[in-house]
Amino acid sequence: LSLDGSSNLEFEIQTLDLLTNELNFNGCHLGGSRRPDGIIYYSANGLVIDNKAYSKGYALPRHHIDEMVRYLEENNKRDAGINPNEWWKEFDEGVSHFNFAFISSFFTGQYVPRLQEIKNRTGVNGAVWDVENLLLVAEALKRGSLSYADFFLLFDKNDSINFAIDD
């Protein structure tokens, strides 16, 4: 998989495949117009995911901040009048706590204040998650050194996920 603008769909599918088929989260790839790229959930915790396939890093521009805010507000209101595709119905009814994540090769620029802005506008915490740390977290979940409950706490800091596997 080469990460460039033309590989967005493949990157979305591969990421959600890892999370749902390899790591056993519930969820699915959504993508398309007016929906996040995917969602996962476990127990009462849900994650709204936006993937960005950029090999030279991703700076989290304003229009993507606004897009994530819209997804989180739609998920909160759950009103078909606002978005008739009702993508939020993919979450189980028992999911009551939500976070968000942007996933890309790596992140550049001032993403921390932008994540905080999303939190300020929606009340939802999130993180940027690079591919290296995605794989480290996946390994920790597979080994059992990271619980699924603790996994969701990684998104509460409104920062990047920097994960180290303890030997």
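Conventions we followed
Residues numbered from 1 in each chain as written. Predicted model: local features only at pLDDT ≥ 70, side-chain atom pairs only at ≥ 80, totals over all residues. Heavy atoms only, no water. Core = buried A, V, L, I, M, F, W, Y, C linked by side-chain atoms within 4.5 Å. Buried < 20%, exposed > 50% of the residue type's maximum accessible area, 1.4 Å probe, protein only. Contact = heavy atoms within 4.5 Å. pLDDT = per-residue confidence, 0-100. Helix = DSSP H or I, 4+ residues; strand = E, 2+ residues; numbered from the N terminus. Pairing = 2+ DSSP bridges. Axes fitted to C-alpha atoms, helices over the stretch in contact; angles between N-to-C directions. Expected span 1.5 Å × (residues − 1). Arc of directions from axis to C-beta. Polar contact = N/O pair within 3.5 Å; in protein donor to acceptor, adjacent residues only side chain to side chain.

**A few points about the nonpolar core**
For step 1, the next point in the chain: If you look at the biggest cluster of nonpolar residues, it comprises 27 residues, and the most contacted ones within it are Phe25, Leu47, Trp129, Val137, Phe151 and Phe155.
For step 2, the next point in the chain: Each residue touching Val137, except ones within four places of it in the same chain, is listed here: Trp129, Leu146, Phe151, Leu154, Ile161 and Phe163.
For step 3, the next point in the chain: In terms of nonpolar packing, the next biggest core, distinct from the first, is built from 25 residues, Cys28, Tyr41, Leu115 and Val128 among them.

**Here we look at the confidence of the model for the protein chain**
For step 1, the next point in the chain: Looking at the protein chain, the pLDDT average stands at 93 and 95% of residues meet or exceed 70.
For step 2, the next point in the chain: No element of the protein chain has a lower mean pLDDT than helix α1 (residues 8–22), at 93, and none a higher one than strand β2 (residues 38–42), at 98.
For step 3, the next point in the chain: Confidence drops under pLDDT 50 across residues 1–5; counting only partners more than four residues distant or on other chains, this segment forms 14 contacts.

**Some details on the pairing of strand β3 (residues 45–52)**
For step 1, the next point in the chain: The buried fraction of β3 is high, at eight of eight residues.
For step 2, the next point in the chain: Here β3 shows a buried face lined by Asn45, Leu47, Ile49 and Asn51 and a second buried face lined by Gly46, Val48, Asp50 and Lys52.
For step 3, the next point in the chain: With five bridges joining them, β2 and β3 adopt antiparallel strand pairing. Paired with Gly38 across the two strands is Ile49, which belongs to β3.
For step 4, the next point in the chain: Linkage of β2 to β3, two consecutive antiparallel strands, is achieved through a turn of two residues, within which Ser43 is found at a positive phi near 55 degrees.

**Observations concerning the sheet that holds strand β4 (residues 97–104)**
For step 1, the next point in the chain: One open sheet accounts for six strands, arranged β1-β2-β3-β4-β5-β6; its pairing is mixed. The outermost strands of the open sheet, each flanked by one partner alone, are β1 (26–29) and β6 (159–160).
For step 2, the next point in the chain: Along the sheet, helix α4 (residues 131–143) contacts β4 and β5 (126–130); its crossing angle with β5, the most-contacted strand, is approximately 95 degrees.

**Some words on α4**
For step 1, the next point in the chain: Between its first and last C-alpha atoms α4 spans 18 Å; for 13 residues at 1.5 Å apiece the expected length is 18 Å, and the two agree.
For step 2, the next point in the chain: Asn133, Leu134, Val137, Ala138, Ala140 and Leu141 are the residues of α4 that are buried. Angular distribution of buried residues about the axis of α4 spans 165 degrees; they occupy a single face of the element. When the buried face of α4 is taken as reference, the exposed residues oriented beyond 90 degrees from it are Glu132 and Lys142.
For step 3, the next point in the chain: Buried residues along α4 sit against α1, β4, β5 and α5 (148–153).
For step 4, the next point in the chain: Capping the start of α4, Asp130 holds a side-chain oxygen 3.2 Å from the backbone nitrogen of Glu132, two or three residues further along.
For step 5, the next point in the chain: Gly144 occupies a position one or two residues after α4 and carries a positive phi of about 85 degrees.

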